[in-house]
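Here is how the chains run, residue by residue.
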Amino acid sequence: MALKTDVLVIGSGIAGLFTALQVSEYTDVILITKKNQSESNTNYAQGGIASVIDTKDTFEKHIEDTLVAGAGLCNKKAVSILVHEGPDRIYDLIELGTNFTRKNGKLDLAKEGGHSMHRIVHARDFTGQEVERALIESIKLHPNITVIEDTLAIDLLTEHNANNLKEATLNNRNCWGAYVLLCNQNKVEKITSKVTVLATGGLGQVYLHTTNPAIATGDGYAMAYRSGALLGNMEFIQFHPTSLYTTEKDRDFHTPAFLISEAVRGFGGILRTQDGNEFMEKYDSRKELAPRDIVARAIDNELKRRGDEFVYLDITHKTKDDILEHFPNIFKTCMKYGIDISKNYIPVVPAAHYACGGIVVDEFARTSLKGLYACGEVTMTGVHGANRLASNSLLEAVVFGYRASMDIKDLIKKYESEIPEIPDWDDSGTLSADEKVLITHSTKEVKQVMWDYVGIVRSNLRLERASTRIHNIFLETENLYKKTKIFEDILELRNLVACAHMIIKSAQLRKESRGLHYTLDYPTPDFLTEPKETLIRNTHT
Ligand SMILES: Cc1cc2nc3c(=O)[nH]c(=O)nc-3n(C[C@H](O)[C@H](O)[C@H](O)COP(=O)(O)OP(=O)(O)OC[C@H]3O[C@@H](n4cnc5c(N)ncnc54)[C@H](O)[C@@H]3O)c2cc1C
């Protein structure tokens with residue numbers, strides 16, 4: 001049962017859902033997602049969406065805050081688009097039914113680290129969940145969108161898969177859909193499309209500690225890499241400074257660490273070492289409101305200096321009513337672990353949170369392959385540079401998702417080429433996996449290597465070690481992949497390994513410390529040369 005559609009959207013987070021809705025206004029869409037529709041990073045977003053809504057705020061200030069966070073690597077045009085088109089997209093979300101928190105009838109605007117103004121539109125502390133709810137309800141009403149759940153995209157269909165076109169050069173490559181695994185039937189199908197939109201979210205699961213859910217295995221980056229698309233700035237991984245510290249017995253290795261939102265620090269939360277002392281003033285005059293990378297490095301340093309496994313975040317000086325009003329979700333979750341945050345300090349540790357780099361796209365979310373667009377966290381639009389300003393990512397997903405849909409509209413109208421014959425998936429000669437332990441073990445190993453050697457603080461030696469280890473796991477995984485009937489875990493491991501490779505390679509290319517990339521061997525930015533992106537492309541495909 002091969003499927004055909006005009007537009008294939010892969011992923012049901014904010015980027016996939018929003019883009020699918022816009023595109024469905026003029027053509028048919030198939031949206032596939034690997035679990036159920038709501039399982040995404042988006043669903044976990046607490047803080048909100050940054051945008052210039054307050055009359056006292058200005059576009060110039062939001063642009064400036066974004067550029068400062070990006071540490072010299074932002075694309076100014078992309079930032080300007082993000083900021084100027086942001087308010088319209090917020091009103092689109094409201095029109096689609098999102099109930100953002102209001103005060104006296106007006107949108108309640110919060111302030112977060114790195115922002116000079118109150119500009120965070122939010123739905124209490126479950127913004128992402130509320131946005132997902134509204135988008136999924138709108139999608140259900142839309143006859144042009146077919147949603148297929150439990151369906152995992154394996155690889156993109158390009159010249160590489162078409163027998164007679166294998167030699168096509170990277171610069172002329174097209175994308176015509178994807179091979180997908182129907183997880184419940186363990187069967188691979190082919191979906192051909194004129195346009196494909198990758199909206200597969202982030203890659204936090206490549207690290208041992210992450211706030212990202214189990215779906216965030218970097219599938220989009222890996223598929224794009226394998227198909228020869230251009231990726232950039234993969235070394236810039238944002239570590240959220242404050243995830244709830246839990247021990248191995250509290251959660252298995254795929255379960256995300258629970259995020260203690262930035263907003264708690266914005267609300268007056270104080271960081272303390274385990275002996276109760278404040279420490280942020282030693283690192284930055286903005287203290288707890290310094291950008292995330294500075295706070296994460298400060299915590300990392302205190303943990304290494306003292307040999308501790310966590311620090312505390314203290315919000316006990318606020319009243320319980322106040323805390324419950326602002327952070328009902330955080331309060332409830334901490335209570336599950338026996339922590340009453342109105343009385344007890346919260347144990348916190350940094351965790352991999354967001355990938356600033358990704359598939360290189362232009363201002364209409366076009367990748368380097370014809371017919372392949374990408375939106376949301378999986379992209380490098382240029383708005384984040386070397387570090388993302390808090391709450392700019394949900395905004396990026398809707399602003400560039402909207403722009404993609406406008407461009408796709410034109411492309412579909414003019415589309416004349418024939419999609420070539422692409423063979424069905426062939427797994428003859430492969431066997432069912434009876435050694436799943438190999439996959440579990442390798443997955444844990446990738447996460448540990450990345451945490452220990454490619455984490456908040458890096459060095460040439462650590463990167464070299466990581467590279468060797470990951471290369472070995474790559475060889476073992478490819479070997480297993482070729483012999484085995486595919487299933488979810490092996491596909492995800494393969495993608496994690498590809499992402500680990502790209503992060504390490506990009507980190508090795510950057511001979512300086514900048515933004516989120518900090519290395520002991522080059523501890524300052526390179527002041528002598530113009531900052532530029534690290535670009536990476538698989539030329540063996
Ligand atoms: C805990 C947490 C809090 C956050 N808070 C904020 C915040 O307050 N403000 C902000 O701006 N940002 C926040 N972020 C970041 C933000 O949530 C994400 O960057 C954003 O939601 C990404 O949206 P997306 O649509 O690109 O990806 P996602 O929301 O992750 O969606 C990806 C989708 O792709 C699907 N998928 C993945 N691989 C495949 C495959 N191979 N085949 C089929 N489907 C696939 C997934 O199942 C999922 O449906 C937060 C992130 C986390 C983890």
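Note that the structure is predicted; figures quoted are calculated from it, not measured.

A word on the overall build of the chain
Here is step 1: Helix and strand counts for the chain come out as 13 helices and 20 strands.
Here is step 2: Relative to a compact globule of 541 residues, whose C-alpha radius of gyration would be 24 Å, the chain shows 22 Å and is just as compact.
Here is step 3: Expressed as lengths along the three principal axes of its C-alpha atoms, the size of the chain is roughly 65 × 50 × 50 Å.
Here is step 4: Counting every position in the chain, which comprises 541 residues, the buried fraction comes to 53%.

Describing the packing of helix α1 (residues 14–23) against helix α10 (residues 393–414)
Here is step 1: Axis separation between α1 and α10 bottoms out at 8 Å; the angle between their running directions is 30 degrees. Taken as axis vectors, α1 and α10 run roughly parallel relative to one another. Between α1 and α10 lies a crossing whose hand is right-handed. Residue-level contacts link Ile14, Ala15, Phe18, Thr19, Gln22 and Val23 of α1 to Leu394, Ala397, Val398, Gly401, Tyr402, Ala404, Ser405 and Ile408 of α10.
Here is step 2: Its residues assigned to classes, the contact of α1 with α10 shows 10 nonpolar, 4 polar and no charged.

Observations regarding helix α11 (residues 436–453)
Here is step 1: An ideal rise of 1.5 Å per residue puts 26 Å on 18 residues; α11 measures up with 26 Å between its terminal C-alpha atoms.
Here is step 2: Looking at α11, one finds that the buried residues are Ile439, Ser442, Thr443, Val446, Lys447, Val449, Met450 and Tyr453. Considered in projection along α11, the buried side chains sweep an arc of 165 degrees and stay on one side of the axis. Residues of α11 that are exposed and point over 90 degrees away from its buried face: Val437 and Lys444.

Regarding the packing of helix α12 (residues 460–483) against helix α13 (residues 488–509)
Here is step 1: The interhelical angle for the contact between α12 and α13, taken along N-to-C directions, is 150 degrees, at an axis separation of 9 Å. In terms of their interaxial angle, α12 and α13 are classed as roughly antiparallel. The element α12 and its partner α13 pack so that their crossing is left-handed. In this structure, α12 uses Leu463, Ala466, Ser467, Ile470, Ile473, Phe474, Thr477, Leu480 and Tyr481 to contact α13, whose residues at the interface are Ile490, Leu493, Arg494, Val497, Ala500, His501, Ile504, Ala507 and Gln508.

Examining the sheet that holds strand β12 (residues 231–232)
Here is step 1: Read from one edge of the open sheet, 4 strands run β19-β17-β12-β20, paired in mixed fashion. In the strand order of this sheet, the two ends are held by β19 (379–380) and β20 (535–536), each with one partner.
Here is step 2: By the bridge criterion, 2 bridges tie β12 to β20 in an arrangement that is antiparallel. Looking across to β20, one finds that leucine 231 is bridged to isoleucine 536.
Here is step 3: Where helix α5 (residues 219–226) meets the sheet, it contacts β12 and β17 (358–360), and its direction lies at approximately 45 degrees from that of β17.

Parameters at a glance
- Residues numbered from 1 in each chain as written.
- Predicted model: local features only at pLDDT ≥ 70, side-chain atom pairs only at ≥ 80, totals over all residues.
- Helix = DSSP H or I, 4+ residues; strand = E, 2+ residues; numbered from the N terminus.
- Rg over C-alpha atoms; globule rule 2.2 N^0.38 Å.
- Buried ≥ 20, exposed ≤ 12 C-beta atoms within 10 Å, placed from the backbone.
- Axes fitted to C-alpha atoms, helices over the stretch in contact; angles between N-to-C directions.
- Parallel < 35°, antiparallel > 145°, perpendicular 65-115°, else oblique.
- Left-handed = near helix turned anticlockwise from the far one by under 90°.
- Contact = placed C-beta atoms within 7 Å.
- Nonpolar A, V, L, I, M, F, W, Y, C, P; charged D, E, K, R; others polar.
- Expected span 1.5 Å × (residues − 1).
- Arc of directions from axis to C-beta.
- Pairing = 2+ DSSP bridges.

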